[in-house]
Amino acid sequence: LIEMLNFNYSISLLMEYAAFLKLRFTRPDMERPYQIPLNNFWCCVFMMPAILLTVFLMLLATYTTLAFAVVVNIIGFAMFYCRSKKGTRVMGRNASKSINGSVGSGDQS
């Protein structure tokens, strides 16, 4: 059970690393609460050991863990897709508006 939870946590870490690098390249002037004082190349170098070690640990997992992770993540993405298509309201805002980037400008009701 712990191995399965750690595998899914590793997937979330890789998604966070990917989001960090994507925003560094696509939105470099975006206001952030804190900034890493490195250029894009050094950010990639800085993240590489963490990414490689995370992938290495994921490769040590059993097939049961891999199957569990695939099923759980498919269910999670399906639920996310259904909720965003349905137009569910999240914290007073339409979820589809929040997902598309206008997080702070949603209508309050």
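Everything below is about the structure shown above.
What you see is a predicted model; the values in this text were computed from it and never measured. (Residues numbered from 1 in each chain as written. Predicted model: local features only at pLDDT ≥ 70, side-chain atom pairs only at ≥ 80, totals over all residues. Heavy atoms only, no water.)

### Examining the nonpolar core
The biggest cluster of nonpolar side chains holds six residues, and these are Leu13, Tyr17, Leu21, Cys43, Met47 and Ile51. Put simply, the parts of the chain that give this core at least two residues each are helix 1 (2-26) and helix 2 (40-59). (Core = buried A, V, L, I, M, F, W, Y, C linked by side-chain atoms within 4.5 Å. Buried < 20%, exposed > 50% of the residue type's maximum accessible area, 1.4 Å probe, protein only. Helix = DSSP H or I, 4+ residues; strand = E, 2+ residues; numbered from the N terminus.)

### A few points about the packing of aromatic side chains
Scanning the model with the defined rule gives one aromatic pair in all. On the basis of an interplanar angle of 75° and a centroid distance of 5.1 Å, the ring pair of Phe41 and Trp42 is categorised as edge-to-face. Looking at Trp42, the relative accessible area reads 47%, which means it is partly exposed. (Phe/Tyr/Trp six-rings, centres within 6.5 Å; stacked < 30°, edge-to-face > 60°.)

### Some details on the packing of helix 1 against helix 2
Viewed as axis vectors pointing N to C, helix 1 and helix 2 meet at an angle of 165°, and their least axial separation amounts to 10 Å. In terms of their interaxial angle, helix 1 and helix 2 are classed as roughly antiparallel. For the pair helix 1 and helix 2, the sense of crossing is left-handed. Residue-level inspection shows Phe7, Ser10, Ile11, Leu14, Tyr17, Phe20, Leu21, Arg24 and Phe25 of helix 1 in contact with helix 2, the latter providing Asn40, Cys43, Cys44, Met47, Ala50, Ile51, Thr54, Val55 and Met58. (Axes fitted to C-alpha atoms, helices over the stretch in contact; angles between N-to-C directions. Parallel < 35°, antiparallel > 145°, perpendicular 65-115°, else oblique. Left-handed = near helix turned anticlockwise from the far one by under 90°. Contact = heavy atoms within 4.5 Å.)

What is shown is where atoms sit, not what they do.
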